[in-house]
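# Fold and geometry: a report
Listed here are the chains, written in short residue letters.
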Amino acid sequence: MKKSFGLSAIAAVTLSTLVLANTADAGGYTFATIDDPLATGGTYAYGINDNGAIVGEFQNSTGYHGFLDQNGTFTTIDDPNSLSFTSAQGINDNGAIVGYTPMTNAQGFLYQSGTFTAIPNPLNSGYGNAYGINSNSAIVGTFYNATGTHGFLDQNGSFTTIDDPNATQFAASGTFANGINDNGAIVGYFLNNTGSHGFLYQNGSFSTIDDPSPSIVYTAAQGINDNGAIVGTVRDSTGYYHGFLDQNGTFTTFDDPLAAAGSTKAYGINVNGDIVGEYYDSNFGYHGFIATPVPEPTDAALMVAGLGLLGLGLRKRHE
């Protein structure tokens, strides 16, 4: 008996063609480059909120400066106590921004409504860098003291140390807390004698995040959205870096299509699934990127696509 291909099969072929034409290297994502117009030495995108506002840093002849990108309009963020180096790392849905400056002792900051507020180095540490903030104003970051490197959670000035139990605590190693969502789930990475491993910390418990691919030797979780999707960076056995997306334990690695081989890093994700990060191109330049999910086509779009392809086939038959 001869098999027939109905309209649904034709539509599926058309859908596959449309998706592949727009996904570049990341299966279902389109990429756009983020370059601060004042940058001469590189742009790095670190955080994105649910409204699409992006923060990061750029370099020029006067140093490193933070930036806020709202729909392509860039605003420079310079801590008045450190005009030559300000790094904006995270932004919440209320527009509050956290980051750090490398002062005598590197110090985190909170920037909101045009005002900078220093985040005291937690537990009298040697330094403290702020990396993430949620809509409840809970801040996460990393501090260093004589016992090693530790993550921290700052809730209205009350600090809690975050140490993954699998971490090795000494000067060059430890626990790094990078992102927090509105549910209080925290992600980061820890170092020990087996390498770098991501972690998820929620409800008082740690879970290790390791890309399961046998070629991956390094995993660092950087951001988490309110749906629990996690992004970060992996390094493979050849020394190349790639972004990753972890959705309920399913890993997808990706590279910006403009990146040189092995030079894509992902740092933040919002509830819409938009991912920001950085890539390094073949001309030795650093650029930020935003990766946006390709919308799923509606049933009506599938029907139109299928009819179009069917029509092409019918017309061709009579040529």
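All residue numbers refer to position in the chain's written sequence, counted from 1. It should be noted that, the model being predicted, local features are given only for residues of pLDDT at least 70 and side-chain atom pairs only at 80 or more, the latter also being counted only at that level, while totals for whole chains, interfaces and linings use all residues. With hydrogens and water set aside, each side-chain value is computed from the structure's full complement of heavy atoms.

## Regarding the sheet that holds strand β5 (residues 73-77)
DSSP calls a pair of strands paired once it identifies at least 2 bridges connecting them. For the purposes of this entry, the term helix denotes a DSSP run of H or I that reaches at least four residues, the term strand denotes a run of E that reaches at least two, and both are numbered from the N terminus. Read from one edge to the other, the open sheet built from four strands follows the order β2-β3-β4-β5, with strand pairing classed as antiparallel. Sheet topology places β2 (42-48) and β5 at the edges, where each strand pairs with a single neighbour. Taking the axes of each pair of neighbouring strands and ignoring which way they run, one obtains an average angle of 30 degrees across the sheet. In this sheet, strand β4 (residues 63-70) lies alongside strand β3 (residues 54-60) in antiparallel orientation, the contact comprising seven bridges. Residue pairing for β4: V55 is matched across the bridge by L68. Angular values range over 0 to 180 degrees, each being the angle between N-to-C directions of two axes fitted as lines to C-alpha atoms, with helices fitted over their stretch in contact.

## Notes on the environment of D226
Relative to the elements of secondary structure, D226 occurs in the loop between β18 (216-224) and β19 (230-236). A relative accessible area of 25% means that D226 is categorised as partly exposed. Counting along the chain gives 43 residues from D226 to N183, while the straight-line C-alpha distance between them is 6.6 Å. Beyond its immediate chain neighbours, meaning those up to four positions away, D226 contacts D50, N181, D182 and N183. Polar contact is the term for a pair of N or O atoms within 3.5 Å; when the atoms are in protein, one must be able to donate a hydrogen and the other to accept it, and sequence-neighboring residues count only if both atoms are side-chain atoms. Among the polar contacts made by the side chain of D226, one reaches the main-chain amide nitrogen of D182 at a distance of 2.9 Å. With a 1.4 Å probe rolled over the protein chains alone, any residue whose accessible area is under 20% of its type maximum counts as buried; one over 50% counts as exposed, and the rest are partly exposed. Note on contacts: a residue pair qualifies if any of its non-hydrogen atoms lie within 4.5 Å across the two residues.

## Topic: the pairing of strand β10 (residues 127-133)
Where burial is concerned, most of β10 is hidden: six out of the seven residues are buried. Of the pairings in the sheet, the one linking β10 to strand β11 (residues 139-145) comprises six bridges and is antiparallel in character. Looking at the pairing, G128 lines up with F143 of β11. What sits between β10 and β11 in their antiparallel hairpin is a turn of five residues, with S137 showing a positive phi close to 65 degrees.

## Here's the deal with the side chain of S82
Structurally, S82 can be placed in the loop between β5 and β6 (87-91). By relative accessible area, which is 10% here, S82 ends up buried. Among the polar contacts listed, one links the side chain of S82 to the backbone oxygen of F85, at a separation of 2.8 Å.

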